[in-house]
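Each chain, written out:
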Amino acid sequence: MTPATKAAPTFGIVLGALVIVYVVWGSTYLAIRIVVEEAPPLTSMGLRYATAAVLLGAALSLRGGIRRLRITGRQALGAGFLGLMLPVLGNGMVSVAENLGAPSGVTALLIAIAPLIIVVFRLGAGDRPRALTLLGVLAGFVGLAGLVLAGSSGEDGFPLGAGLLVLFASTCWAFGSFMQPRLHLPEDVFVTTVYEMLFGGAMLVVLGVLAGERFTAAYDTRTWVALAYLVVFGSVVAFTSYVWLLANAPISLVATYAYVNPVVAVFLGWLVLSEAVTPAVIVGGGIVVAAVALVISAERPRRTGQQAAEAAAGEPRPDLDDEALTRA
């Protein structure tokens with residue numbers, strides 16, 4: 001007898017998971033902005049990741065037993081490196097930048113260049129991407145320059161330092177995503193995520209304490225709801241949906257989150273926080289999103305599933321921000 005073939009998921013289930021990744025990861029930038037209006041950025045994001053790690057770890061233990069969470073020392077080092085690159089230097093610096101005044105929509109657009117930065121790292125490693133890919137990278141950096149320079153001037157602008165900090169965060173996120181396939185990590189991606197978030201959360205809390213931050217319970221309901229949303233939906237639900245999509249949907253479809261998330265973030269920032277959608281945001285952001293779409297499309301024909309997943313990991317996803325992801 002031949003083994004039973006695994007039934008393909010229905011289009012509705014795939015679409016539902018994709019909408020979760022689109023909307024939830026796109027909305028995390030807004031939620032972060034709301035949290036850091038009152039709460040200290042490093043400590044609050046540290047608690048976010050640590051709590052999400054405990055919740056996800058508990059869920060995995062219930063399904064597969066506590067042994068499922070066992071890792072080696074070498075795997076712990078790999079997960080710790082990802083925790084430093086993605087939750088700490090990636091998402092942590094995003095929260096600091098938004099605390100300094102970077103609008104959530106613009107932040108999402110600046111983070112969107114991570115897949116383009118991954119191409120730069122590939123070039124440095126000796127890879128030779130297609131000419132269309134390089135054209136997309138060049139166009140993306142042109143849009144990026146316009147977004148930062150024009151967006152940091154004028155009445156509705158944001159501090160240039162905050163914009164540069166977001167670019168640093170995006171570069172760290174891209175480097176962590178680029179290095180992930182080269183690290184010794186647990187075979188179970190969910191276990192990797194548990195320790196990445198746990199180590200990253202611990203590092204963020206320590207950094208917050210060293211920076212003199214004080215996290216108290218005296219925040220309003222809006223702040224607590226936004227933080228809970230980041231923990232449950234941003235770091236657990238959306239990431240679970242993302243990993244499920246990688247196993248059940250074409251990677252070319254899953255990768256579209258990289259240029260849909262910024263659009264969702266800009267819209268929500270305008271709708272909820274009345275963030276200005278200036279000509280610089282529309283033109284520069286539009287170029288960045290189009291460039292990311294071009295790069296993903298250009299890379300699609302010759303890409304294996306593992307390579308495509310590596311490129312798609314350029315969002316924060318997590319928030320493996322998200323993200324192996326993450327969107328923050």
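Residues numbered from 1 in each chain as written. Predicted model: local features only at pLDDT ≥ 70, side-chain atom pairs only at ≥ 80, totals over all residues. Heavy atoms only, no water.

## Topic: the overall build of the protein
Working step 1: Along the backbone of the protein there are 13 helices and zero strands.
Working step 2: For the protein, the α and β elements follow one another from N to C terminus as α-α-α-α-α-α-α-α-α-α-α-α-α.
Working step 3: Per-residue burial for the protein yields a buried fraction of 54% across its 328 residues.
Working step 4: Carbon and sulfur atoms form 69% of the exposed surface of the protein, whose accessible area is close to 13,900 Å². (Helix = DSSP H or I, 4+ residues; strand = E, 2+ residues; numbered from the N terminus. Buried < 20%, exposed > 50% of the residue type's maximum accessible area, 1.4 Å probe, protein only. Areas by Shrake-Rupley, 256 points an atom, 1.4 Å probe, with all protein chains shown as cover.)

## Details of the packing of aromatic side chains
Working step 1: Applying the stated criterion across every chain yields a total of 13 aromatic pairs.
Working step 2: With centroids separated by 6.1 Å and ring planes inclined at 45°, the aromatic side chains of Y219 and W224 adopt a geometry described as tilted.
Working step 3: Using a relative accessible area of 13% as the deciding quantity, one classes Y219 as buried.
Working step 4: Taken together, the ring pairs in this structure connect F81, F121, F175 and F178 into an aromatic cluster.
Working step 5: Over the ring of Y49 we find R48, and its NZ or CZ is 4.7 Å from the ring centre.
Working step 6: Here R182 stacks its cationic end above the ring of F178, 3.9 Å away from the centre of that ring. (Phe/Tyr/Trp six-rings, centres within 6.5 Å; stacked < 30°, edge-to-face > 60°. Lys NZ or Arg CZ within 6 Å of the ring centre and 35° of its normal.)

## A short note on helix α2 (residues 41–64)
Every α-helical turn comprises 3.6 residues, leaving residues that sit three or four positions apart pointing alike.
Working step 1: For α2, with 24 residues, the first-to-last C-alpha span of 34 Å sits near the 34 Å given by 1.5 Å per residue.
Working step 2: Once α2 finishes, G65 follows within two positions and takes phi at roughly 85°, a positive value. (Expected span 1.5 Å × (residues − 1).)

## Focus: helix α4 (residues 104–111)
Working step 1: With respect to burial, α4 is a largely interior element, eight of its eight residues being buried.
Working step 2: Within the sequence span of α4, burial applies to S104, G105, V106, T107, A108, L109, L110 and I111.

## Section: the environment of T256
Working step 1: Checked against the element boundaries, T256 lands in the loop between α10 (251–254) and α11 (257–273).
Working step 2: Take T256: its relative accessible area is 12%, and that puts it in the buried class.

## Topic: unusual backbone geometry
Working step 1: Backbone geometry places S274, a non-glycine residue, at a positive phi of 55°.
Working step 2: For S274, the position within the fold is in the loop between α11 and α12 (279–299).

## Concerning the packing of helix α1 (residues 11–36) against α4
Working step 1: At a closest axis distance of 9 Å, the pairing of α1 and α4 adopts a crossing angle of 130°. When the axis of α1 is compared with that of α4, the two are oblique. Relative to α4, α1 is oriented so that their crossing is right-handed. In contact with Y29, L30 and R33 of α1, α4 contributes S104, T107, A108 and I111.
Working step 2: Class assignment of the residues belonging to the contact of α1 with α4 gives a composition of four nonpolar, two polar and one charged. (Axes fitted to C-alpha atoms, helices over the stretch in contact; angles between N-to-C directions. Parallel < 35°, antiparallel > 145°, perpendicular 65-115°, else oblique. Left-handed = near helix turned anticlockwise from the far one by under 90°. Contact = heavy atoms within 4.5 Å. Nonpolar A, V, L, I, M, F, W, Y, C, P; charged D, E, K, R; others polar.)

## A few points about a nonpolar patch on the surface
Working step 1: On the surface, F267, W270, L271, V272, V277, I282, V283 and I287 cluster together into a nonpolar patch covering about 730 Å² of accessible area.
Working step 2: When contributions to the nonpolar patch are tallied by element, the ones reaching two or more residues are α11 and α12.
Working step 3: Considering every element that reaches the nonpolar patch, the biggest residue donor is α11, with four residues.
Working step 4: Residue I282 is classed as exposed on the basis of its relative accessible area, which comes to 53%. (Patch = residues over 30% accessible without salt bridge, like charges linked within 9 Å, V, L, I, M, F, W, Y side chains within 5 Å. Salt bridge = Lys/Arg side-chain N within 4 Å of Asp/Glu carboxyl O.)

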